[in-house]
Structure formats: C-alpha cells, structure tokens
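Reading the structure
Each chain, written out:
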Amino acid sequence: MQLYPKLIMDALATVTYAGTKKNLVESQMVADTPSVAAPQSEGEPWKVKVVLSFPRDTDPFLKSTVKAAEAAIKYHCRNAQSTMHNAQSTINNAQSTMHNAQSGDSDEVEVTIETEFKSAPRPEVGQMLPGVKNIIAVSSGKGGVGKSTVSANLAIALARLGYKVGLLDTDIFGPSMPKMFNLEDARPYAVKKDGRDLICPIEQYGVKLLSIGFFVSPTTATLWRGGMATSALKQLIADADWGELDYFILDTPPGTSDIHLTLLQTLPITGAVIVSTPQQVALADARKGIDMYRNEKVNVPILGLIENMAWFTPAELPENKYYIFGREGCKQLAQEMGIPLLAQIPLVQSICENGDAGTPAALNVDTITGQAFINLAQAVVTVVNRRNKEQPKTKIVGTK
C-alpha cells in the first residue's frame, strides 16, 4: 500500500461540515497539508495526521465532523489497498476485499486528527457577560398569556427611562421578537473583538436584540434536538457583543424545559418576573413557574407577578372594564405567595395590533397602555434595586 497527501485530501473532500453545508476542503477547514508517514519496520501501520480548523472550541459539530473525517480517511486507504491488490489479481482482489470487510485492514493506518480554532475560546461560565448589571428572566407557566409582548414592552419601557437594555429571545422553537420589533428581514453581522468573532446584536427602539429568528426561515419549523437548541442559545449569549447593559431581559419559552435549565446553568439571573392571566388554569401553571425558580437548587428570587389581560377595555368605551378571564387572580396569587404584583395590563386591541405591526405599545407613552408599561418598568427597577440591596448575587446552578 502506498499513501499520499492527495489521497487524504480526496477523503476529506467527501466529508460535509454541517456548519457550512460544504465539504471540509471547500470550507477551508484543513489547516495544513496532511502528513503521511510510511511504516519504519514490518508490522507497523502507516501514520496519517490531519489538522482541522473549526470556528470555535464550542462548535456543536466538532465531534461528529472529526469522527466522519477519520472514517473517510480509513475508507479511502482501504480502497487504495484494494486497488493495489486488484492490479495483482482479480481473484486476490475479491479475497482481499472480503478480508478487509471482515477484519478491517484499515487498522494498517493510524489516523490522528488534531483540532485548532479560528477564534479565542469562549469565556467560562460566570464570566460571559461582564458588562451586564442585571439579568431579568420573564417567564410564564403556560403559553398564550402574552409573555413575549410583556418582554418586548418592558425592554422598550426601560430604554425610554434611560437605561441600557438588551433583550434575548430565548424561545428557540417559537421566536417572536423579530416580528414584534419589525426586524423580520434583519440579519446580524459579526465583529472581531478580543480575538473572537462575535455576533453584533441589532438595535431597535433603544434595545439591543438577538433572536434565533434572525438565523432561520420564519416559515420553516426548527426541528432541532435539545442539544442543538441549547448550543444555539449559548452562542446567542456568550458569542455576542452585548457590551454594557443595565438590564438584560430574557424572554423565555413557556413552561419549564432544557432552555430554562441552560439559562440557569449559564447566567447568574438577578430575578424572575412571572406573567399570567387571571384565569385559574394559567395561575396553576404560574405556580409551577414560581416553584422552578424557588427550588433550593435554583434559588432565583421572584421579583413579582404581572397580570396580563387583566380586563378588557373596548376602544370606544375606554373607561369600561370587562373581566373576561376572571378578576384579580394574579393579585390573589401574589398575596398567597408573598411576592409583589408589579402591574395589571389591560387587554386592549391596540396592544395586539402594535405587536403585529412591529411597533410595541410602550413606544407611545401618551396612551393608557404605553403608560402601563412605563409604570411596569419603574416597578421592576424598584424591586431590582431592593433585591440587590437586601440579597446576595444569584449563584449559577451547578456552581458552588
């Protein structure tokens, strides 16, 4: 058997890198000409060494790509050996191929694949967002209670109060922030900073924003396993240039899931606000959300409850209130759980219309709904300041 670097490059050209949808050679991931060393004595294997260059050390496709590259090299070496045998004899070639399939002649080749990374390593957990003062998780026990609407308007209201605000849409499977901020066609760009390639959040209405919705088609379902979703979330957190922020708002998915656990294991969350409607079904799930953060292994302070769709007010009868989902359910739950009721947001048609149009209600402080979100932002500032004065910094789950 005789091996050459070109044979190894041909093998690597058959391996597709999922990050670019191109093969390793086209993706320029082969850092140098492969090294091929012949056996020094009988019985020793050929030695092949390849260096693959990945964008970052946390690349989710690293392990699978390395395994595929190793398998491709051994397969091509096996074929090269079979071709040499074929030159000797058709019969011998058939016997040799059968023997290879059974006993694995690829063992005659020792493959070493080393990895290097184009950017500096990601900061360790606990050091990812050094410029962020407060991290607020906006959560709900169930979907459909208007949590994302509250998140968007809270972020904008805080910005209008003069604070530096970032908003991360952590709902990997159902991102809604691009539409709510009128940024469906926006695409973030990368910046080079401190030896790392970082995603630059898009700024709109005074808020720095990132969402997986910027990177996937809005009409295509995101069919990812949990590991891929959490990996993408970590990239949006740690591989982005968030800079200095007074408040970093996390719009979390409904319920309790891998996404919540990833956030708790990645960030020291200052506190959580729970959004619910007054309906008893929603309140039952809100209790579960509160329990998740109050769990002794999590221990994230609950800053308060937000009652959304507290009552319905028709545009033509602005003074009237119709309690179509029940009355003051969140107020009663807040008293029961011993936490503040931060706001009661009415169900007004303009809130829905403004969200769909990409112009959230908090942009217009002269309206009843706009003022309601400004009041909510002021209440959040108050409870966060009190929390920081009276309680120690939250510890990341899994750290001592």
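This one's a predicted model, so the numbers in the text were calculated from it and none came from an experiment. (Residues numbered from 1 in each chain as written. Predicted model: local features only at pLDDT ≥ 70, side-chain atom pairs only at ≥ 80, totals over all residues. Heavy atoms only, no water.)

Side note on the overall build of the protein
For the protein, the count of helices and strands is 11 helices and 15 strands. Whereas a compact globule of 400 residues would reach a radius of gyration of roughly 21 Å, the protein reaches 28 Å, over 25% beyond that. Expressed along its principal axes, the backbone C-alpha trace of the protein runs to roughly 95 × 40 × 35 Å. Each of the 400 residues in the protein was classed as buried or not, and the buried ones make up 49%. Looking at the protein alone, contacts between residues at least 24 apart form 75% of all its contacts between residues at least 6 apart. When the accessible surface of the protein is totalled, it reaches about 19,700 Å², and 50% of it is carbon and sulfur. When the 38 basic and 40 acidic side-chain charges of the protein are each reduced to a single mean position, those positions are 5 Å apart. (Helix = DSSP H or I, 4+ residues; strand = E, 2+ residues; numbered from the N terminus. Rg over C-alpha atoms; globule rule 2.2 N^0.38 Å. Buried < 20%, exposed > 50% of the residue type's maximum accessible area, 1.4 Å probe, protein only. Contact = heavy atoms within 4.5 Å. Areas by Shrake-Rupley, 256 points an atom, 1.4 Å probe, with all protein chains shown as cover. Lys, Arg positive; Asp, Glu negative; His and termini not counted. Charge placed at Lys NZ, Arg CZ, Asp CG, Glu CD.)

Observations concerning the sheet that holds strand β12 (residues 245-251)
The eight strands are arranged β10-β11-β7-β12-β6-β13-β14-β15 in an open sheet whose pairing can be described as mixed. For this open sheet the edge positions go to β10 (202-204) and β15 (341-347), each flanked by a neighbour on one side alone. Taken over all neighbouring pairs, the strand axes of this sheet differ in orientation by 25° on average, direction set aside. Packing of helix α11 (residues 368-390) onto the sheet brings it into contact with β6 (132-139), β12, β14 (302-312) and β15, and relative to β15 it is tilted by some 165°. (Pairing = 2+ DSSP bridges. Axes fitted to C-alpha atoms, helices over the stretch in contact; angles between N-to-C directions.)

Considerations on the pattern of salt bridges
Scanning the entire structure with this criterion turns up 11 salt bridges. Lysine 6 is paired through a salt bridge with aspartate 10; the nearest N and O atoms lie 3.1 Å apart. With a gap of four residues between them, lysine 6 and aspartate 10 both fall in helix α1 (residues 5-12), about one helical turn apart. Judged by its relative accessible area of 60%, lysine 6 falls in the exposed class. Overall, aspartate 10 belongs to the partly exposed group, its relative accessible area being 34%. Residues glutamate 114 and lysine 49 are paired through a salt bridge, measuring 3.4 Å at the closest nitrogen-oxygen approach. (Salt bridge = Lys/Arg side-chain N within 4 Å of Asp/Glu carboxyl O.)

Examining the environment of aspartate 285
The residue aspartate 285 is located in helix α8 (residues 280-294) in this model. Aspartate 285 gets classed as buried once you look at its relative accessible area, which sits at 17%. As a C-alpha pair, aspartate 285 and serine 148 span 137 residues in sequence and 17 Å in three-dimensional space. Setting aside its immediate chain neighbours within four residues, aspartate 285 contacts Gly141 and Lys142.

A closer look at the nonpolar core
Among soluble globular proteins, nonpolar side chains are generally buried collectively. The biggest cluster of nonpolar side chains holds 88 residues, and the ones touching the most others in it are Phe181, Phe248 and Ile249. Discounting chain neighbours no more than four positions away, the residues touching isoleucine 249 are Ile136, Val138, Ser151, Leu154, Ala155, Leu158, Val165, Gly166, Leu167 and Leu168. The next biggest cluster of nonpolar side chains, apart from the first, holds 24 residues, and it includes Tyr17, Leu24, Val30 and Ile73. (Core = buried A, V, L, I, M, F, W, Y, C linked by side-chain atoms within 4.5 Å.)

Things to note about the sheet that holds strand β4 (residues 46-54)
Spatial ordering of the open sheet is given by β3-β4-β5, a layout of three strands whose pairing is mixed. Each edge of the open sheet is held by one strand with a lone partner, namely β3 (35-37) and β5 (109-117). Taking each pair of neighbouring strands and ignoring which way they run, the sheet shows an average axis angle of 15°. For β4 and β5, the ladder comprises nine bridges, and the chain directions are parallel. Bridge pairing in β5 links serine 53 to glutamate 116.

Thoughts on the packing of aromatic side chains
Evaluated as defined, the whole model comprises seven aromatic pairs. A centroid spacing of 5.3 Å and a plane angle of 90° characterise the contact between tyrosine 163 and tyrosine 247, whose relative ring orientation is edge-to-face. Of this pair, tyrosine 163 sits in the loop between α4 (147-160) and β7 (165-169) while tyrosine 247 is found in strand β12, placing the two residues 84 residues apart along the sequence. On the basis of relative accessibility, which here comes to 2%, the residue tyrosine 247 falls in the buried class. Among the aromatic residues, those joined into a cluster by ring pairs are Tyr17, Phe54 and Phe61. Above the ring of tryptophan 311, the side-chain terminus of lysine 321 is found at 4.0 Å from the ring centroid. (Phe/Tyr/Trp six-rings, centres within 6.5 Å; stacked < 30°, edge-to-face > 60°. Lys NZ or Arg CZ within 6 Å of the ring centre and 35° of its normal.)

What about the side chain of aspartate 239?
Within the secondary structure, aspartate 239 sits in the loop between α6 (226-238) and β12. Engagement of the side chain of aspartate 239 in a polar contact is seen with the side chain of arginine 196, the distance being 2.7 Å. (Polar contact = N/O pair within 3.5 Å; in protein donor to acceptor, adjacent residues only side chain to side chain.)

Overview of the packing of α8 against helix α9 (residues 329-337)
Here α8 crosses α9 at 35°, and the two axes come no closer than 11 Å. Note on packing geometry: the crossing formed by α8 with α9 is right-handed. Between α8 and α9, the residues in contact are Leu283, Ala286, Arg287, Ile290 and Arg294 and Gly329, Cys330, Leu333, Glu336 and Met337, respectively. A class-by-class count of the residues in the contact of α8 with α9 yields six nonpolar, one polar and three charged. (Left-handed = near helix turned anticlockwise from the far one by under 90°. Nonpolar A, V, L, I, M, F, W, Y, C, P; charged D, E, K, R; others polar.)

Interpretation note: all reported values are geometric properties and have no functional meaning in isolation.
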